[in-house]
Amino acid sequence: MSKLTHLDASGAAHMVDVGEKALTSREAVAEGRVVMAPETLTLIRDGLAKKGDVIATARIAGIMAAKKTHELIPLCHPLLLTKVSLDIEADESLPGLVVRGLARVTGQTGVEMEALTAVSVACLTIYDMAKAVDRGMRIEGIRLLEKRGGKSGDWVADPSG
């Protein structure tokens, strides 16, 4: 197992120095789910939520959050993201919404935290916008699905979860 990179030799937390790393193309994909009552899913899908378009608002919130990840997670580097996108799809089998986020950069460090932050905030926004009709919603399964690029190379999550 590798050592924790955000700890120095004495065990103190520190920001990793990426100054000597090469600029490379990096990408990360994360996912999460908001499980809700079937009636809540119908309300959202039909655009009838009292606060407005839940999916569009959650998408924008996730994009905005990815751009502010370094302000939320103490040891993250500020990145000049080249792309952030969120796909939010209804899944009747949950029932609920599946949120998938992608973050991309040409830089010296990865974008896993940006993808995870985008998905997390999009899920929280969905909850916020629909909580008046369904306080029992659950946010679950937030995880990294894949990352590409950088010194450590590509990684893909085990599909079984």
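Residues numbered from 1 in each chain as written. Predicted model: local features only at pLDDT ≥ 70, side-chain atom pairs only at ≥ 80, totals over all residues. Heavy atoms only, no water.

Asker: So what about the overall build of the protein chain? Which residues, and what values?
Answerer: The helix and strand inventory of the protein chain stands at 4 helices and 5 strands. Of the regular secondary structure in the protein chain, the N- to C-terminal order runs β-α-α-α-β-β-α-β-β. Considering only residue pairs separated by 6 or more positions, the protein chain has 70% of its internal contacts joining residues 24 or more positions apart. (Helix = DSSP H or I, 4+ residues; strand = E, 2+ residues; numbered from the N terminus. Contact = heavy atoms within 4.5 Å.)

Asker: Please provide a residue-by-residue account of the packing of helix α2 (residues 54–67) against helix α4 (residues 112–130), values included.
Answerer: Close contact between α2 and α4 brings their axes to 7 Å; oriented N to C, the two are set at 145°. When the axes of α2 and α4 are compared, the crossing they make is right-handed. Facing α2, whose interface residues are V54, T57, A58, A61, G62, A65 and A66, α4 presents E114, T117, A118, V121, A122, T125, I126 and M129. Split into classes, the residues belonging to the contact of α2 with α4 amount to 10 nonpolar, 4 polar and 1 charged. (Axes fitted to C-alpha atoms, helices over the stretch in contact; angles between N-to-C directions. Left-handed = near helix turned anticlockwise from the far one by under 90°. Nonpolar A, V, L, I, M, F, W, Y, C, P; charged D, E, K, R; others polar.)

Geometric values such as these leave the question of function open.
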